[in-house]
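Geometric and topological summary
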Amino acid sequence: MFIKRRSNVLYRDFQTFGYLTDNRNFGYKLKNASEGFVGDKIVSQSGTVFLSVLSRIPQKLDDMVKLINAVFPDVDFGVIKEDAREFFGTLEREGFIVSGESVQECDEKDTKFSYRNIASEIVDESFPGVNNNLARSTQEFLEEYLEGQPQLTNVHIEITSRCNERCIHCYMPGDNRSIEIELNIFQDLVRQCRKMNVLHLTISGGEPMLHGNFIEFLRMCREYEFSVNILSNLTLLTDEILAEMKSNYLLGVQVSLYSMKPEIHDEITGVRGSFEKTKSAILKLIENDVPLQIACPIMKNNKGCYQDVVDWAKKLKINAGPDYVILAKYNHSTENLSCRLSIEEVEEVIWERVHKDAKYLKQMEDESLKRANVSVEDNICSVCHSSICVNERGNVYPCAGWQDYVVGNVKRMSLQEIWLHSKRVEYLRGLRKRDFPKCIRCTDGEFCTMCLVRNANEDASGDPLVVNAYYCSVAKLNKTIACRVKNIGLPRQ
């Protein structure tokens, strides 16, 4: 009998326990795909020995038992083999591994993501495209076993500040686009992440495909078995890059598409012809079964036609997420916000979403119920609790868009030292809802998402505690519309 770990399953050894999870919290698998999500599993310390011999390459059971027997030499081979059969049998029933009488049978059972497996053209428009109905996230699952200790599961790496587009809403200052991460720094960072049991890496820029070592970076992420998300405009996609993407069954891509009208998309990117290149690359990824989602930031330029992107994506059976959140530049200049929707325009968009998407209002209400039950002692967000970012200079910062709040540098100290001992990390990790008394008193709070970077980037001094008034108005608007629909119905078109 041959046994292998499924291609969409990650394993990490926490020494006192072993951890298995599928890619449910990180991948772009659609809810109506034919296979379901597997979930998480904790195994005992001795169980980690059995897990350690598993790989994504089919192996004979007897060969695996020999490896386990080497760790437990005083235990009879036959006893270990029976224990292994039972242990691996349980894992197979739960969906973490597959077995077969041959390598071929094993591989055939290891079904991978395919757009052909999507049962219907109607896709869930929630964004990002993960299963949001799960009882617990991976982070919550881990923290239960780590007794609340912050566990780094997500690292965002900006490998270059260079970009071949000049999007009008971008939060990166235009004069800071010429640096690339050094190969040895990236390699060392990936090794550190693996040692720290990080599960998911986001690779972005600038435009990450401009980096000469981009393919090598992807290959290393695959070899170290990370779930990977690539943020790219896809205009530089090549067959060689595509081949490497297809090799990692834990890889997904996020791309921005602003309109189905080429002139509007190109106006936003500042590059003529960018629409056709991005659209063509999207179709190529779908053809090659690379998981994909589309981001569609809504701004003044495309507020009248963003829905065309959502409708086009639905026909292709992929997720598209329209969103009117635009961040100020991280150097606290706000000229890019000139394209941001006014509150009156946001109201128009919300009403349009309510009428177009039957689930939109339900999602808003569900989120409001969760926020209504929060405690003043709750954390603000995942910043420095489960995620952190590193840029091309080696600077470590809390989250995407907040590059000027440097908490350390991986060229001078390890990522683990920064994660555990940085004073700025400790400060952010110590913030609670109570540190925002205005928000605690606000009657619209359950319809608001508190965000430190949105506060910091629009404040001249970069203070994350200065509440962003624009999003206060958006919260009030969300509540007003939700209550009106609940009490009166859908009167506005």
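Residues numbered from 1 in each chain as written. Predicted model: local features only at pLDDT ≥ 70, side-chain atom pairs only at ≥ 80, totals over all residues. Heavy atoms only, no water.

1. Focus: the pairing of strand S7 (residues 154-158)
The criterion, for reference: Partly exposed residues are those whose accessible area sits between 20% and 50% of the maximum for their type, while under 20% is buried and over 50% is exposed, using a 1.4 Å probe and protein chains only. Secondary structure follows DSSP: runs of H or I at least 4 residues long count as helices, runs of E at least 2 residues long count as strands, and numbering of each begins at the N terminus. Think of it this way: DSSP has to see at least two bridges between two strands before they count as a pair.
Of all five residues in S7, five are buried, a share of seventy percent or more. Because side chains alternate across S7, one face comprises the buried residues Asn154, His156 and Glu158, and the other comprises Val155 and Ile157, equally buried. Bridge count for S7 against strand S13 (residues 387-390) is four bridges, and the pairing is parallel. Considered in S13, the bridge of isoleucine 157 is made with valine 390.

2. Focus on the side chain of arginine 12
To be explicit about the condition: The charge count includes Lys and Arg as positive and Asp and Glu as negative, but it does not include His or the ends of the chains. Here a salt bridge means any side-chain nitrogen of Lys or Arg lying within 4 Å of a carboxyl oxygen belonging to Asp or Glu. The term polar contact refers here to a pair of N or O atoms within 3.5 Å; inside protein, the definition further demands a hydrogen-donor-capable atom paired with an acceptor-capable atom, and it admits residues adjacent in sequence only when both atoms are side-chain atoms.
Mapped onto the fold, arginine 12 is located in strand S2 (residues 9-13). One buried charge, arginine 12, has no salt-bridge partner; the nearest side chain with opposite charge is glutamate 225, at 5.1 Å. Within the structure, the side chain of arginine 12 is placed 3.0 Å from the backbone oxygen of valine 198, a separation counted as a polar contact. Looking at arginine 12, its side chain comes within polar contact range of the main-chain oxygen of glutamate 225, at 2.8 Å.

3. Section: helix H13 (residues 358-372)
Let me state the cut-off plainly: Expected helix span is taken as 1.5 Å per residue step, with the number of steps being one fewer than the number of residues. As used here, the arc is the angular range of directions from the helix axis to the C-beta atoms. Any two residues having at least one pair of non-hydrogen atoms within 4.5 Å are treated as being in contact.
The end-to-end C-alpha distance of H13 is 23 Å, a good match for the 21 Å that 15 residues give at a rise of 1.5 Å each. Taken as a whole, H13 has its buried residues at Tyr360, Leu361, Met364 and Ser368. An end-on view of H13 places all buried positions within 90° of arc, on one side of the element. Turned more than 90 degrees away from the buried face of H13, the exposed residues are Ala358, Leu369 and Lys370. Residues of H13 that are buried make contact with helix H12 (343-356) and helix H18 (469-488). Measuring from the backbone nitrogen of lysine 359 back to the side-chain oxygen at the start of H13 gives 3.0 Å, which picks out aspartate 357 as the cap.

4. Observations concerning unusual backbone geometry
Here the residue pair glycine 205 and glycine 206 is connected by a cis peptide bond, since its omega of 20° sits within 30 degrees of zero. Its identity is not glycine, yet glutamine 15 carries a phi of approximately 70°, on the positive side. Looking at the element boundaries, glutamine 15 is found in the loop between S2 and strand S3 (18-22). Using a relative accessible area of 63% as the deciding quantity, one classes glutamine 15 as exposed. Even without being a glycine, glutamate 225 presents a positive backbone phi close to 60°. Topologically, glutamate 225 is positioned in the loop between helix H7 (214-223) and strand S9 (227-231). For glutamate 225, a relative accessible area of 17% translates into the label buried.

5. Comments concerning the packing of aromatic side chains
To keep it simple, the criterion reads: Put simply, two rings from Phe, Tyr or Trp (the six-membered ring, in Trp's case) pair if the centres are within 6.5 Å, and we call them stacked under 30 degrees between planes, edge-to-face over 60, tilted for the rest. The rule is short: NZ of Lys or CZ of Arg within 6 Å of the ring centre and within 35 degrees of the ring normal puts a charge over the ring.
Inspection of the entire model under this criterion finds nine aromatic pairs. A centroid spacing of 3.9 Å and a plane angle of 20° characterise the contact between phenylalanine 186 and phenylalanine 217, whose relative ring orientation is stacked. Here phenylalanine 186 is found in helix H6 (residues 183-195), whereas its partner phenylalanine 217 is found in helix H7, with 31 residues between them in sequence. Chaining the aromatic ring pairs together yields one cluster made of Phe14, Phe17 and Tyr19. It is arginine 340 that lies over the ring of tyrosine 470; its NZ or CZ is 3.7 Å from the centre. A cation sits over an aromatic face here: arginine 424 above tyrosine 405, 4.2 Å from the ring centre.

6. Details of the sheet that holds strand S1 (residues 2-5)
Our working rule: Only the contacting stretch of a helix is used when fitting its axis, a line to C-alpha atoms as for every element, and angles between N-to-C directions run 0 to 180 degrees.
Read from one edge of the open sheet, three strands run S5-S1-S6, paired in antiparallel fashion. Sheet topology places strand S5 (59-60) and strand S6 (97-100) at the edges, where each strand pairs with a single neighbour. Bridge count between S1 and S6: four bridges; the pairing is antiparallel. By the bridge assignment for S6, lysine 4 is matched with valine 98. Helix H3 (residues 77-94) rests against S1 and S6 of the sheet, and its axis sits at about 115° to S6.

7. Observations regarding the pattern of salt bridges
The final tally for this structure, using the stated rule, is 25 salt bridges. The shortest N-O distance in the salt bridge between lysine 112 and aspartate 110 comes to 3.9 Å. By relative accessible area, lysine 112 is classed as partly exposed at 26%. Between aspartate 366 and lysine 362 there is a salt bridge, and its shortest N-O distance comes to 2.9 Å. Pair noted here: aspartate 366 and lysine 362 are both in helix H13, with a separation of four residues, about one helical turn. For aspartate 366, a relative accessible area of 30% gives the class partly exposed. In this structure lysine 362 comes out as partly exposed when scored by relative accessible area, which is 45%. When salt bridges that share partners are traced, they join Lys4, Asp107, Asp110 and Lys112 into one network.

8. As for the sheet that holds S3
Taking strand neighbours across the sheet as the criterion, the three strands line up as S2-S3-S4 in an open arrangement whose pairing is antiparallel. In the strand order of this sheet, the two ends are held by S2 and strand S4 (40-43), each with one partner. For this sheet, the mean inter-axis angle between neighbouring strands, taken without regard to orientation, is 15°. On the sheet, helix H5 (residues 138-145) packs against S3 and S4 and is oriented at approximately 20° with respect to S4.

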